[in-house]
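What the coordinates show
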Amino acid sequence: MNQQESNKELRSAFRMIDLKKSGKISIHELKHLVRNLNMSVDNQVVDKVFKDIDQNGDGSIQVEEFLNEIEKRHSNKSNLKAAFRAIDLDNSGFITLSELYKISKKINPTITKQQIEEILNKADLDGNHKISLDEFKALMEE
């Protein structure tokens, strides 16, 4: 899908969320979407997300703000993938303790092996002693 098709689909999604067809998304419309998707998200979290997307602070999300947020999230995702690939020295699709150790020592020569093991254990959600891309993303987005 090219950029133009993607933008068209995102604008269509925006219009679906914009229940009042006002050309902007209100906090109530965003909360309605969250409820309809059966997402168990606290109202305070929805409020914070809304404020983050509402770049001009006018209390609503315009289509350009919506598109900018999607682009920003896509860019962050690409950056995380690139960082993961840089640490995954053997291109196995996982970051091992050895790889994490090598990179961590280059960044911070005083870091201990125990500290590196703690990082790996925190990120290793499935207990296989390796960090997958999804686990890496979860760690970086904390």
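Description of the structure in this document. Quick caveat: nothing in here was measured; it's all calculated off a predicted structure.

What counts, and at which threshold
- Residues numbered from 1 in each chain as written.
- Predicted model: local features only at pLDDT ≥ 70, side-chain atom pairs only at ≥ 80, totals over all residues.
- Heavy atoms only, no water.
- Patch = residues over 30% accessible without salt bridge, like charges linked within 9 Å, V, L, I, M, F, W, Y side chains within 5 Å.
- Areas by Shrake-Rupley, 256 points an atom, 1.4 Å probe, with all protein chains shown as cover.
- Salt bridge = Lys/Arg side-chain N within 4 Å of Asp/Glu carboxyl O.
- Helix = DSSP H or I, 4+ residues; strand = E, 2+ residues; numbered from the N terminus.
- Buried < 20%, exposed > 50% of the residue type's maximum accessible area, 1.4 Å probe, protein only.
- Contact = heavy atoms within 4.5 Å.
- Phe/Tyr/Trp six-rings, centres within 6.5 Å; stacked < 30°, edge-to-face > 60°.
- Lys NZ or Arg CZ within 6 Å of the ring centre and 35° of its normal.

A cluster of nonpolar side chains, Leu37, Met39, Val41, Val45 and Val49, forms an exposed patch at the surface whose accessible area comes to about 380 Å². The residue Val49 is located in helix H3 (residues 43-53) in this model. For Val49, a relative accessible area of 31% puts it in the partly exposed group.

Mapping Ser104 onto the fold places it in helix H5 (residues 97-107). If we ignore the near neighbours within four places in the chain, the residues touching Ser104 are Ile111 and Ile116.

Attention now moves to the packing of aromatic side chains. This structure, assessed with the given rule, holds two aromatic pairs. Its end group placed over the ring of Phe94, Lys130 keeps NZ or CZ at 4.4 Å from the ring centre.

By the element assignment, Asp124 lies in the loop between helix H6 (113-123) and strand E4 (131-132). Linking Asp124 and Thr110, residues 14 residues apart in sequence, is a C-alpha distance of 23 Å. For Asp124, the contacting residues outside a window of four places in its chain are His129, Lys130 and Glu135.

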